[in-house]
Amino acid sequence: MQTRPGPAFGRLVAVVVVALTWLFAGPATAGIARTDELPRYAQRVIAAPTSPGLAAWGLAYNPVSDELAVGDYVAKQVRRYSRAGAYLGDFTNPGGAVPGVASALTIDPRDGSYYLAVTGAATQPIDVVKYSATGRFIAKFGITQKVAWLAVDPSTGDLWIPDAFGGRTTIKRYAVSIPAGSTTGRLTLKLSIKRPGSRPGQVRWATGVVTDRAGNLYVADTGNVTVHVFGANGTWKYDIGNRTTLTGDLRGLALDERLDRLYVSNAAGATIEAFALSTRAWAGRMGSEGTGPGQFVDGARQLAVAPDHMVWAADYGQRRVLGFGADGIPAMVFPDPALPEDPAGLSVPRGVDVDPASGDVLVVDSFGQHVLRYATDGTLLARAGRRGSAPPDGMNYPKAVAVDPATGNVWVSSYEGQPFVLGYSADLTTGQGQIMTPRFTADIEISGGLLYTVQTSPAAVRVYDLTSKALVRQWASPVARLAAVAVDPATGDIWLGSESARSLTILSPSGAATTVALGGVAWGISIRGDRVFVSDGAAGVVRVLDRLTRTEVATIGGPGTTFGKLGGPAGLAVDPTGNLYVAEQKNGRITVFGQAPPVRANVPSVVIEPGLGSGVQPVVSGSAGAGAGIAFVDVQVRDTLTGQYFDTQRNRWSTTAAWNRAVVWGDITAPSWRVTVQLPLPASGTYDVSARAVDRAGVLSSASRATLKRT
């Protein structure tokens, strides 16, 4: 996206719903963009991959190993903890990480093996993964069903899986089998519970599931705000709880049968509600909304119960796990102290914009749940936001950011709904209001005092007045999965991109639409002069089109992780000097492209500073130098006690050596750098550190080495 003065279209103030006439327009005849002036050379990188030490979402207690397993939603790991909160290590996975988002966990009580719900695996059909009681990878499973929650039948080992993100009203039971010698298992459908509706025993939106010792299935229905209980054969028995005792957004369930308790994550109320299993009556409450002891931000995700009746809850909003006694009193929290991400790093950056007044770079980190302001030299100037659904600082997977050129205010859109679009002052300290857009807003752009938004599903364009916050115009789009929007300041045309269609749609101020063929999909669009830049997140390139002929004239980048290559390019912005800023979702960084080619100079150098910082997370820092300008500083961190190496991108320890990209800032020829070890080992204190620098011309420095001890 890009901010710009408004076209004539931006003056419309009446709410009009335009029925689109989809036309084909042939190319115009004038003005092919001059490719010799394109920003085709990488100039520098802003930020580096990071994630919090524990983004707790999935959670299970294992009676066989007497451990807690925690699914890390951001780092795509499953972590092992003792009941005292000590980190014990991570589950093993081919490739070093879960192939998608690590969601709910369940345990087969017969042998302590785990099943993990995998959400959104991108490269292969993996929806469930099985691990041993010690966290060793056993097998993967693919089914034609999206998975976020699951539960094991205790007598047969069958899996109960509710539909996720789709119909949400069906719960299916699968038999599990793994062929001898194979790591690919089969899930065979045995039974479906399909009871859509709003009456007792009917399902509107199934989420958390759990089974009791007799094989009964408990299903959280956040649509009907109740918990359904079904027999092992799928027959409905009764419901527990209702809108009187539950607020909504029901998530995880847990049972303590010895104590006669069902626990329900009542996320909309930021509480855990307890019910007596024998009478189905409400029996107590744990937690509240807030950031203090025993409080949740946006409620708990998965729940677990240990033999001592301790109730454990994944507090995803605050990146931690909370423990309550059976009396509801907060008893424990881990990690303690907290293990935040590197403040200047990025997890999954999606949107980027440039402040036209200062030249500063604004970025939204979708999984980090932040908006960040950087100077052009990569220095972090300000940062705001946290996981949450309420103003002034709540964020719900933000995907786009836009600077209002008239005021300097910064607007951020959350993809998953509340708080929708929030405004911030230029320094990100003061709220500037809220615009109530529909859910799934994928991109925004400001032009002429208007906020242009696109929604992915159902695909639509909506325009709001920034002063009144009112809707002033909207269109329903026949092109699915809209992902990008840009306004042409010369004509008022709205350029739209889709993450699934290999074409662009150009919407005129009168509402007529033109379809333009594209060599790939469009995750971001930015217009400057007669050039249109389109990020193709699937191909790893930025496509450059001539605005007048509407034909592709060049590409920038290419898939990869090295300097000038792109990993999942999404948001785009062009500054007044013509530099192109690209948000890379997969590489956790912003790459800046300009017209200056790299020039070979002296061999780069790198220096490691003594010390590891004063916090609980070791921080390795230093400086570098290169006449050609520094592209990257790579750092290797080895724990001398265990011999393991830390991997910042996967956020895990491993026996395999890993080079980690450092956050680099300052003068590109003599910058500072830093690597934060997000997840320290409990007993570690001394590290062997190696660092090397690569300049813009691709010249690699010799490695510097040091042994650093925590004091």
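Residues numbered from 1 in each chain as written. Predicted model: local features only at pLDDT ≥ 70, side-chain atom pairs only at ≥ 80, totals over all residues. Heavy atoms only, no water.

Side note on the overall build of the protein chain
Counting its secondary structure elements, the protein chain contains 0 helices and 64 strands. Taken against the 2.2 N^0.38 rule, which gives 27 Å for 711 residues, the C-alpha radius of gyration of the protein chain at 26 Å falls within 12% of a compact globule. In terms of overall dimensions, the protein chain has C-alpha extents of about 75 × 65 × 50 Å along its principal axes. If you take every contact in the protein chain between residues at least 6 apart in sequence, the share linking residues at least 24 apart comes to 52%. Only carbon and sulfur atoms are counted for the fraction: they give 53% of the accessible area of the protein chain, which is about 25200 Å². Mean positive and mean negative side-chain charge positions of the protein chain (65 and 56 charges, respectively) differ by 5 Å. (Helix = DSSP H or I, 4+ residues; strand = E, 2+ residues; numbered from the N terminus. Rg over C-alpha atoms; globule rule 2.2 N^0.38 Å. Contact = heavy atoms within 4.5 Å. Areas by Shrake-Rupley, 256 points an atom, 1.4 Å probe, with all protein chains shown as cover. Lys, Arg positive; Asp, Glu negative; His and termini not counted. Charge placed at Lys NZ, Arg CZ, Asp CG, Glu CD.)

Describing the sheet that holds strand β13 (residues 159-162)
The strand order β12-β13-β14-β15 describes an open sheet built from 4 strands, whose pairing is antiparallel. Edge positions in the sheet fall to β12 (151-152) and β15 (186-194), since each of these pairs with one other strand and no more. Pairing geometry for strand β14 (residues 170-177) and β15, over 8 bridges, is antiparallel. Residue pairing in the sheet places I171 in a bridge with I193 of β15. (Pairing = 2+ DSSP bridges.)

Observations regarding the environment of A631
With respect to the secondary-structure elements, A631 resides in strand β57 (residues 630-639). Note on A631: relative accessible area 5%, which makes it buried. For the pair A631 and D546, spaced 85 residues apart in sequence, the C-alpha to C-alpha distance is 30 Å. (Buried < 20%, exposed > 50% of the residue type's maximum accessible area, 1.4 Å probe, protein only.)

A short note on the nonpolar core
Core analysis: the biggest nonpolar cluster contains 40 residues, and W312, V620, V633, V635 and W673 have the highest contact counts within it. Among the elements of the structure, β4 (56-62), β5 (67-72), β27 (311-315), β55 (605-608), β56 (619-625), β57, β62 (672-676) and β63 (686-695) are those that each provide at least two residues to this core. Setting aside anything within four residues of it in sequence, one finds W312 in contact with L59, L68, R83, Q302, L303, A304, A306, V321, L322, G323, M332 and F334. Formed by 36 residues, the second largest nonpolar core is a distinct cluster that contains F141, Y174, A206 and L217. (Core = buried A, V, L, I, M, F, W, Y, C linked by side-chain atoms within 4.5 Å.)

Details of the sheet that holds β56
With antiparallel pairing, the 4 strands of this open sheet are ordered in space as β55-β56-β62-β61. Edge strands, defined here as strands with exactly one partner in the open sheet, are β55 and β61 (663-665). Recorded for the sheet is a direction-independent mean angle of 25° between the axes of neighbouring strands. Both β55 and β56 contribute to a ladder of 4 bridges, which runs antiparallel. Bridge pairing in β56 links V606 to A624. (Axes fitted to C-alpha atoms, helices over the stretch in contact; angles between N-to-C directions.)

Describing unusual backbone geometry
Cis peptide bonds are those with omega within 30 degrees of zero, and the linkage from F334 to P335 qualifies with -5°. Inspection of the secondary structure puts P335 in the loop between β29 (330-334) and β30 (349-354). Cis geometry marks the peptide bond from D336 to P337; its omega dihedral reads 5°. Within the secondary structure, P337 is located in the loop between β29 and β30. Located in the positive-phi region is A270, a residue other than glycine, with phi close to 55°. Within the secondary structure, A270 is located in the loop between β21 (261-266) and β22 (271-276). Despite not being glycine, R550 shows a phi value in the positive range, around 60°. As for its position among the elements, R550 is in the loop between β50 (541-546) and β51 (552-557).

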